[in-house]
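Here is what each chain is made of, one letter per residue.
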Amino acid sequence: MTQILTVPTRPFEGQAPGTSGLRKKVKVFQQPNYAENFIQSVFDVAEREPGAILVIGGDGRFHNRTVIQQAIRMAAANGYGRVLVGQGGILSTPAASHVIRKNKASGGLVLSASHNPGGPEEDFGIKYNIANGGPAPEAVTRAIHARTQEIDRWLTVEAEDVDLDTPGETRIGELIVAVIDPVADYADLMEELFDFAAIRKAVAGGLTMRFDAMNAVTGPYAVEILENRLGFAKGTVVNGTPLEDFGGHHPDPNLIHAKDLYDLMMSENSPDIGAASDGDGDRNLIIGRGRFITPSDSLAMLAANMGGAPAYKGRLAGIARSMPTSAAADRVAEALGVPCFETPTGWKFFGNLLDAGKVTICGEESAGTGSDHVREKDGLWAVLLWLNVLAARGISVDQLAREHWARFGRNYYARHDYEGIDKAAADVLMAGLTDGLPALPGKSFGRLTVRVADSFSYTDPVDGSVSENQGIRILFEDGSRIVFRLSGTGTQGATLRVYLERYESAGGLLDEETGAMLAEQIAAADEIAGIRRHTGRTAPDVIT
Ligand code: G16
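Residue numbers restart at each chain and count upward from 1, following the sequence in its written direction. Totals for whole chains, interfaces and linings use all residues, but because this is a predicted model, local features are given only for residues with pLDDT of at least 70 and pairs of side-chain atoms are given and counted only at 80 or more. To obtain the side-chain values, all non-hydrogen atoms of the structure were used and water was disregarded.

The name given to the protein in an unreviewed UniProt entry is phosphoglucomutase (alpha-D-glucose-1,6-bisphosphate-dependent), with the source organism recorded as Novosphingobium endophyticum. UniProt positions are given in the numbering used here, feature names are shortened, and annotations may be inferred rather than shown by experiment. Its UniProt record gives the protein a comment under Sequence similarities (unreviewed entry), which states: "Belongs to the phosphohexose mutase family." Within the UniProt record for the protein, the comment given under Cofactor (unreviewed entry) is "Mg(2+)".

*Asks:* Would you explain the overall build of the protein in this entry?
*Replies:* In terms of helices and strands, the protein carries 18 helices and 27 strands. As a reference, a globule follows 2.2 Å times the number of residues to the power 0.38, and the radius of gyration itself is taken over C-alpha atoms. Taking 24 Å as the expected radius of gyration for a compact globule of 544 residues, we find that the protein reaches 23 Å, a close match to that expectation. Projected onto its principal axes, the C-alpha positions of the protein cover 75 × 60 × 40 Å. Here's how the labels work: a residue is buried when its accessible area is under 20% of the maximum for its type, exposed when over 50%, partly exposed in between, all with a 1.4 Å probe on protein chains only. The buried share among the 544 residues of the protein stands at 58%. Whether two residues are in contact is decided by their heavy atoms, any of which lying within 4.5 Å being enough. Taking all contacts inside the protein whose residues are at least 6 apart in sequence as the whole, residues at least 24 apart take part in 72%. Throughout, the Shrake-Rupley method with a 1.4 Å probe supplies accessible areas, and for residues the shown protein chains are the sole cover considered. Put simply, the protein shows about 20,400 Å² of open surface, and 49% of that area lies on carbon and sulfur atoms. Positive charges come from Lys and Arg, negative ones from Asp and Glu, while His and the chain ends are left out of the count. For the purpose of locating charges, the reference atoms are NZ of Lys, CZ of Arg, CG of Asp and CD of Glu. Across the protein, the centroid of the 52 positively charged side chains sits 3 Å from that of the 70 negatively charged ones. To qualify as a helix, a DSSP run of H or I must reach at least 4 residues; to qualify as a strand, a run of E must reach at least 2; elements of each kind are numbered from the N terminus.

*Asks:* It is not clear to me how helix α15 (residues 423-436) should be interpreted in this structure. Could you clarify?
*Replies:* Residues that lie three or four places apart on an α-helix share one face, since the helix turns once every 3.6 residues. Any helix carries an expected span of 1.5 Å times its number of residues minus one. Here α15 is 14 residues long and its end C-alpha atoms lie 20 Å apart, about the 20 Å a rise of 1.5 Å per residue gives. Tucked inside the fold, the buried residues of α15 contact β19 (410-421), β24 (472-476), β25 (481-486), β26 (494-504), α17 (519-529) and α18 (531-535).

*Asks:* Is there a simple way to think about the site of the ligand in this case?
*Replies:* Around the ligand, the structure places 19 residues, and the nearest of them are T19, E364, R485, G488 and T489. Residues adjacent in sequence count toward polar contacts only when both atoms are side-chain atoms; beyond that, a polar contact is any pair of N or O atoms within 3.5 Å, and within protein one must be able to donate a hydrogen and the other to accept it. Backbone polar atom of W347 to an oxygen atom of the ligand: 2.8 Å apart, as the coordinates give it. Note that an oxygen atom of the ligand is positioned 2.7 Å from one of the side-chain N or O atoms of R497. Classification convention: Asp, Glu, Lys, Arg as charged; Ala, Val, Leu, Ile, Met, Phe, Trp, Tyr, Cys, Pro as nonpolar; all other residues, Gly among them, as polar. Considering only residue class, the shell around the ligand consists of one nonpolar, 10 polar and eight charged. Whether a residue is near a molecule or strand is decided by its heavy atoms; if any one of them lies within 4 Å of it, the residue is near.

*Asks:* I tried to follow the UniProt feature "domain: Alpha-D-phosphohexomutase alpha/beta/alpha" (unreviewed entry) in the protein on my own but got confused; where do I start?
*Replies:* Residues annotated by UniProt as "domain: Alpha-D-phosphohexomutase alpha/beta/alpha" (unreviewed entry) correspond here to residues 15-152, 185-287 and 297-408. Secondary structure content for residues 15-152 is 37% helix and 23% strand, while the C-alpha to C-alpha distance between its ends is 14 Å. Within the segment residues 297-408, helix and strand shares are 45% and 14% respectively, and the terminal C-alpha atoms sit 11 Å apart.

*Asks:* Would you mind showing me how to read the sheet that holds strand β11 (residues 237-238) here?
*Replies:* By way of backbone hydrogen bonds, the strands of a sheet pair with one another, either parallel or antiparallel. As summarised here, the arrangement of the five strands in space is β11-β10-β12-β13-β14, forming an open sheet in which the pairing is mixed. Both edges of this open sheet fall to β11 and β14 (291-293), since each of them pairs with a single strand only. Here the axes come from fitting lines to C-alpha atoms, over the contacting stretch only for helices, and the angles between their N-to-C directions go from 0 to 180 degrees. In the packing of helix α10 (residues 295-305) onto the sheet, the strands contacted are β13 (284-288) and β14, and the crossing angle to β14 comes to about 85°. Paired strands, as defined in this entry, are two strands with at least two bridges between them according to DSSP.

*Asks:* Even after reading the chapter, I still don't get helix α2 (residues 34-45), so can you show me in this structure?
*Replies:* Its 12 residues give α2 an end-to-end C-alpha distance of 17 Å, which sits within 8% of 16 Å, the value for a rise of 1.5 Å per residue. A large share of α2 lies buried, amounting to 10 of its 12 residues. Turning to α2, its buried residues are Y34, A35, E36, N37, F38, I39, Q40, S41, V42 and F43.

*Asks:* Can you help me understand unusual backbone geometry in this one?
*Replies:* Across the chain, the bulk of peptide bonds are trans and the bulk of non-glycine residues have phi less than zero. Despite not being glycine, S114 has its phi angle at roughly 55°, a positive value. Along the polypeptide, S114 turns up in the loop between β5 (107-111) and β6 (123-130). With a phi close to 55°, N469 is a non-glycine residue in the positive phi region. Examined against the element boundaries, N469 turns out to sit in the loop between β23 (466-467) and β24.

*Asks:* Before we go on, may I ask you to explain the packing of helix α11 (residues 328-336) against helix α14 (residues 397-408) in this structure?
*Replies:* Each pair of packed helices can be described by the angle between their axes along with the distance between the axes. Taken N-terminus to C-terminus, the directions of α11 and α14 make an angle of 65°; their axes are 11 Å apart at the nearest point. Taken as axis vectors, α11 and α14 run roughly perpendicular relative to one another. For the pair α11 and α14, the sense of crossing is left-handed. Side by side, α11 and α14 meet where R331, V332, A335 and L336 of the first sit next to H404, R407 and F408 of the second. Orientation categories follow fixed angle ranges, with anything under 35 degrees roughly parallel, anything over 145 roughly antiparallel, 65 to 115 roughly perpendicular, and all other angles oblique. Crossing chirality is assigned from the near helix's rotation relative to the far helix, an anticlockwise turn below a right angle marking it left-handed and a clockwise turn marking it right-handed.

*Asks:* What am I meant to see in the pairing of strand β7 (residues 153-157) here?
*Replies:* On any regular strand, side chains alternate: one points to one face of the sheet, the next to the other face. Counting buried positions along β7 yields four of five residues, so the element is predominantly enclosed. The pairing of strand β1 (residues 4-8) with β7 spans five bridges and is antiparallel. The residue bridging P8 from the neighbouring strand is R153, located in β7.

*Asks:* Hey, could you run me through the sheet that holds β5 in this one?
*Replies:* Pairing is mixed in the open sheet, where seven strands are placed in the order β2-β6-β5-β3-β4-β9-β8. Looking at strand neighbours, the two that pair on one side only are β2 (22-25) and β8 (168-172), the edges of this open sheet. Strand after strand, the sheet turns through a mean of 20° between neighbouring axes, direction not considered. Looking at chain direction, strand β3 (residues 53-58) and strand β4 (residues 82-90) are connected through five bridges and run parallel. Across the sheet, residue V55 finds its bridge partner in β4, namely L84.

Structure, rendered in structure tokens:
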């Protein structure tokens with residue numbers, strides 16, 4: 001019997017999970033008791049039987065291995081029976097979700113700060129996923145946070161570090177620790193969902209791609225699936241080695257941080273499709289030859305075409321999107337006669353809808369798309385679904401986009417991010433917006449007249465739980481829209497997100513420049529929110 005050690009501790013301020021887990025600078029996590037307090041709070045509130053299974057994995061960023069060893073010892077002291085940990089401490093977020101579901105684990109610790117940069121001076125994160133494989137819902141994250149505020153001890157055992165690099169089982173007291181292949185189960189699942197034979201045939205017939213793994217977790221997954229199983233040429237996957245600091249880059253698959261890929265795809269030498277994923281493998285970027293696909297459009301286009309993939313043939317139950325995501329998917333849902341749900345930002349809000357079988361595909365403007373195969377968004381899954389659609393239909397990304405807009409119309413869409421602004425100024429800006437809401441309807445900004453202005457509130461149709469203050473919506477009479485919200489994933493100051501959208505019907509202007517099409521909404525956003533006045537910024541840091 002290994003002796004359980006009780007370590008006295010005191011609460012830390014600010015351990016409230018954000019949009020997706022607790023994200024802070026590595027230096028914050030390195031403080032004695034910091035990670036331990038949070039993990040113990042998770043263990044104190046997590047629903048589980050004695051001897052339950054816990055999955056642990058991360059995106060390989062700096063500090064990953066240290067926290068994994070701490071978590072394993074604490075799991076041993078907290079009555080878990082089995083820990084499944086990815087070899088090298090690696091498990092992409094969607095792969096972790098799959099391992100939890102497949103092994104009927106009680107939950108999992110996913111160690112990642114996603115697309116945020118990594119390294120000793122950068123970011124780290126811990127997220128708890130529940131038994132359905134998805135991020136803990138708000139009731140659970142609230143309970144974890146409450147526990148962090150009163151915690152006075154954490155439990156551990158004295159034990160050597162587990163060898164994370166060698167697959168196999170070891171024992172710490174009653175706990176069995178199994179180091180598992182992080183890729184195999186996930187790659188097998190993808191092979192079940194998609195028509196690999198059709199994709200292989202298209203590849204043999206000349207379909208080319210580049211996948212930028214951004215020196216983050218998807219490298220080994222992409223090499224196995226795209227190069228080894230689907231036959232894309234060696235070298236199709238670039239930046240395929242996971243690095244603790246992601247090579248000094250932001251592993252964020254957007255047009256700023258994946259600029260090399262974008263430039264290639266806009267050049268004459270471009271392959272047929274370019275794709276990228278983020279730090280922990282749940283986001284995706286899709287670019288065709290000469291054609292960028294926004295995440296909102298990607299959701300709509302995939303939803304309209306996913307029946308071509310074996311796992312989804314004839315079974316689209318419904319679509320869900322986060323509120324700031326464009327309404328492109330709503331038009332597909334309407335045309336196909338299935339419901340479309342509008343949830344707050346955060347994948348955790350899709351869990352109930354997926355568990356209840358109300359939706360088959362979900363997506364967010366923040367580059368996340370996924371289905372009911374796991375309970376996380378899934379970067380490589382989205383790439384494979386695109387490949388399956390292209391292979392099955394024998395058309396290009398650009399052709400598919402044009403065909404889609406000609407049928408459904410086009411939702412021009414952009415997100416403007418003002419990063420690292422003063423938190424107090426951001427709060428004043430949001431409070432001012434909220435206070436001004438009742439006076440907005442009927443007011444005009446240029447040619448735009450406000451129809452509705454509100455703060456988005458969501459009632460979960462499955463369990464009736466209510467989530468308020470999920471973003472400010474300004475809806476104009478011409479159908480265009482502006483949404484304002486503060487990011488819940490940053491670690492420094494505040495990030496203001498401004499989401500801009502305008503719909504052009506099928507007979508309208510379908511191939512214009514997005515910035516020009518949204519000029520009126522951009523001007524109105526500044527006038528309504530006083531962005532310059534409150535933040536001193538004259539332009540966004542990132543436009544996606
Ligand atoms: C996380 C969540 C997503 C959410 C995104 C953006 O993504 O999992 O559901 O859309 O944050 O959140 P925010 O706008 O609050 O920064 P990831 O990829 O960082 O885990």
